[in-house]
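Single-letter residue listing:
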Amino acid sequence: IAHLASFEGLIGTLDLPRPSRDLVDPRLVLCLDYVQDPGIMGTLLRTAVAFQWQAVWFLPNCSDIFHPRCVRASQGALFELPYIRGSAQDLEKFCRRKKLTLAVSHSAGMDIGAPAGPYGAKAGSGPTTVPGIPMGPAPNGGRGLP
């Protein structure tokens, strides 16, 4: 899976992690969509572990998380984080059920600390956009958010 040309003489086998059926008590779930570069995907997973996020939700338009570049860039994070694959509708239902606020970084977003907007700022009530990282044209061929 690592596609190395040479190695130091250590070979091992392990089962690839399967998607979780449900997350018991998540507080921070990284949701990813349109991440098309496997190296960036692995870096995001490694960063999620460093910041102690509990899980990852992969929306349908992500690169293969078991691509050799993703595995290498994740530096093992791929095997630590529980993950779920699903649609945006599944994610919204999950957030309502777990009473989580769905926050999306978008250049035209509203401050999640501001008074309730069109969806409200109450946890689990609907998506909220967060000002900051512009998500227009994404790097490496990604589409970004509209």
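Reading the values: the criteria
- Residues numbered from 1 in each chain as written.
- Predicted model: local features only at pLDDT ≥ 70, side-chain atom pairs only at ≥ 80, totals over all residues.
- Heavy atoms only, no water.
- Pairing = 2+ DSSP bridges.
- Helix = DSSP H or I, 4+ residues; strand = E, 2+ residues; numbered from the N terminus.
- Axes fitted to C-alpha atoms, helices over the stretch in contact; angles between N-to-C directions.
- Expected span 1.5 Å × (residues − 1).
- Buried < 20%, exposed > 50% of the residue type's maximum accessible area, 1.4 Å probe, protein only.
- Polar contact = N/O pair within 3.5 Å; in protein donor to acceptor, adjacent residues only side chain to side chain.
- Arc of directions from axis to C-beta.
- Right-handed = clockwise from strand over helix to strand, strands pointing away.
- Disulfide = S-S within 2.5 Å.
- Contact = heavy atoms within 4.5 Å.

(A) Up close: the sheet that holds strand 2 (residues 55–58). The sheet built from three strands is open, its strands ordered 1-2-3 with parallel pairing. The sheet is open, and its two borders are formed by strand 1 (29–32) and strand 3 (83–85), each paired with just one other strand. Each strand of the sheet is rotated relative to its neighbour by a mean of 15°, with strand direction disregarded.

(B) Layout of helix 1 (residues 38–50). Between the first and last C-alpha of helix 1 there are 18 Å, a value that for 13 residues agrees with the 18 Å anticipated at 1.5 Å per step. Along helix 1, the residues that are buried comprise Pro38, Gly39, Met41, Gly42, Leu45 and Ala48. Measuring from the side-chain oxygen of the N-cap residue of helix 1 to the backbone nitrogen of Gly39 gives 2.8 Å; that N-cap residue is Asp37. Gln52 lies just past helix 1 and shows a positive phi near 60°.

(C) The arrangement of helix 3 (residues 88–98) in detail. Where helix 3 is concerned, the buried positions are Leu91, Phe94, Cys95 and Lys98. The buried residues of helix 3 occupy one face: seen down the axis, they fall within an arc of 100°. In this structure, helix 3 carries Gln89 and Arg97 as exposed residues pointing more than 90 degrees from its buried face. Of the residues flanking the end of helix 3, it is Lys99, one or two places downstream, whose phi is positive at about 60°.

(D) Examining the pairing of strand 2 more closely. Residues Ala55 and Trp57 line one face of strand 2 and the alternating positions Val56 and Phe58 line the opposite face, and both faces are buried. By the bridge criterion, four bridges tie strand 1 to strand 2 in an arrangement that is parallel. Bridged to Leu30 within strand 2 is Val56. Tracing the backbone out of strand 1, into helix 1 and back to the parallel element strand 2 gives a crossover that is right-handed. Relative to strand 3, strand 2 is paired through three bridges, and the arrangement is parallel.

(E) Layout of the state of the cysteines. Within the structure shown, the criterion is met by zero disulfides. Free of any disulfide, Cys31 has its nearest cysteine sulfur in Cys95, 5.9 Å distant. Judged by its relative accessible area of 28%, Cys31 falls in the partly exposed class. Its sulfur unpaired, Cys70 is 9.6 Å from the next cysteine sulfur, which belongs to Cys62.

(F) Summary view of the environment of Leu78. Turning to its location among the elements, Leu78 is positioned in the loop between helix 2 (68–74) and strand 3. Between the alpha carbons of Leu78 and Leu44 there is a distance of 10.0 Å; along the sequence they are 34 residues apart. Beyond its immediate chain neighbours, meaning those up to four positions away, Leu78 contacts Pro17, Leu45, Ile65, Phe66 and Val71.

(G) Just the side chain of Ser74, in detail. Locating Ser74 in the fold gives a position in helix 2. By relative accessible area, which is 0% here, Ser74 ends up buried. A polar contact of 3.0 Å, which involves the side chain of Ser74, links it to the backbone oxygen of Val71. Non-local contacts of Ser74, meaning those with residues more than four positions away in its chain, are made with Gly42, Leu45 and Arg46.

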